[in-house]
Amino acid sequence: MKLTVVGCSGSFPSAESACSSYLVEADGFRLLLDMGNGALGELQRHIGLYDLDAIFLSHLHADHCIDMCGYFVARYYRHEGGRCAPMPVYAPEGAEQRLTTAYADTPSASSMSEVFDFHTLKPGTFDIGPFSVRTERVCHPVEAYGIRIEHGGSTLVYSGDTGVCAALDELAEGADLFLCEASFTYGKEDIPALHLNGREAGQSAARADVGRLVLTHIPPWTDGEVNLADARAVYSGPTELAAPGAAYEV
């Protein structure tokens, strides 16, 4: 598998990065994990606008899904061959209605489903293209999911947005690469069931015995270097900060 960081800023785009979006590729199949603010433009640096095969939305906060509205326009109105065929979109319940409301003026209440084939996420295992995936509900104020992706004997886990929870540790168990949010600063913000800090992300990586930790979803007001140091203090494996355009072979 190849993982490319399209955007990794949390809450809103920074001057350097779009919000959460990660491209996973294998066997010619392209799966996008989240499409937050600014991600659609950045995605076109890596693949063509119509080259995606499926989309996974971890939850329905704007910084993880709002650019789906722009992608709707591209697929509904602007494709040279006519309207695009529906693409699989795996998302929490209510995604179609949420995106329709956010767009505000779709031709009809069902227009989104003409170009997106919505599948409601639940905890469990299933296939997306060549990938074997497992999803688990994680700890966030809205319905949110982490995802474990396996292919060719390798495993990638993406936390989505979450606070500390056993489900995340179980999902990440033995993963080759753990893409984990680290929004808060250890010793500064302490809001249970919302986000992880760098230390908590590192502790989760250590408990799960992952091969590599990449910290992501760091908001513009958080010092990523502090979170990186806090993670390294409790997890001894390779650890780094996600950066736009960074690519990993998993």
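Quantities reported herein were computed from a predicted structural model and do not represent experimental measurements.

Re the pairing of strand β11 (residues 177–181)
And step 1. Summarising burial for β11: five of the five residues are buried, a large majority.
And step 2. Burial along β11 is two-sided: the residues Leu177, Leu179 and Glu181 and Phe178 and Cys180 are all buried.
And step 3. Where strand β10 (residues 154–158) lies against β11, three bridges are found, and the strand directions are parallel. Bridge pairing in β11 places Tyr158 opposite Leu179.
And step 4. The parallel pair β10 and β11, bridged by helix α6 (residues 166–172), forms a crossover whose chirality is right-handed.
And step 5. Pairing of β11 with strand β12 (residues 213–216) involves four bridges; the strand directions are parallel. Within β12, the position partnered with Glu181 by the bridge is Thr216.
And step 6. Taking the sense of rotation as the criterion, the β-α-β connection linking β11, helix α7 (residues 198–208) and β12 turns out right-handed.

Things to note about the packing of helix α3 (residues 68–76) against helix α4 (residues 95–103)
And step 1. Put simply, α3 and α4 touch, their axes get as near as 9 Å, and they point 85 degrees apart. Here α4 runs roughly perpendicular to α3, going by the angle between their axes. Contacts between α3 and α4 involve Met68, Cys69, Phe72 and Val73 from the former and Leu99, Ala102 and Tyr103 from the latter.
And step 2. Of the residues that constitute the contact of α3 with α4, the class distribution is seven nonpolar, no polar and no charged.

Things to note about the sheet that holds strand β14 (residues 247–249)
The strands making up a sheet associate through hydrogen bonds between their backbones, and the pairing can be parallel or antiparallel.
And step 1. On the basis of which strands lie adjacent, the open sheet formed by seven strands has the order β6-β5-β4-β3-β2-β1-β14 and mixed pairing. Edge positions in the sheet fall to β6 (116–120) and β14, since each has one partner strand and no second. Across the sheet, the mean angle from the axis of one strand to that of its neighbour is 20 degrees, orientation sign disregarded.
And step 2. Note: strand β5 (residues 87–91) against β6, five bridges, orientation parallel. Opposite Pro88, over in β6, you have Asp117 as the bridge partner.
And step 3. α3 rests against β4 (54–56), β5 and β6 of the sheet, and its axis sits at about 140 degrees to β6.

Quick notes on the rules
- Residues numbered from 1 in each chain as written.
- Predicted model: local features only at pLDDT ≥ 70, side-chain atom pairs only at ≥ 80, totals over all residues.
- Heavy atoms only, no water.
- Buried < 20%, exposed > 50% of the residue type's maximum accessible area, 1.4 Å probe, protein only.
- Helix = DSSP H or I, 4+ residues; strand = E, 2+ residues; numbered from the N terminus.
- Pairing = 2+ DSSP bridges.
- Right-handed = clockwise from strand over helix to strand, strands pointing away.
- Axes fitted to C-alpha atoms, helices over the stretch in contact; angles between N-to-C directions.
- Parallel < 35°, antiparallel > 145°, perpendicular 65-115°, else oblique.
- Contact = heavy atoms within 4.5 Å.
- Nonpolar A, V, L, I, M, F, W, Y, C, P; charged D, E, K, R; others polar.

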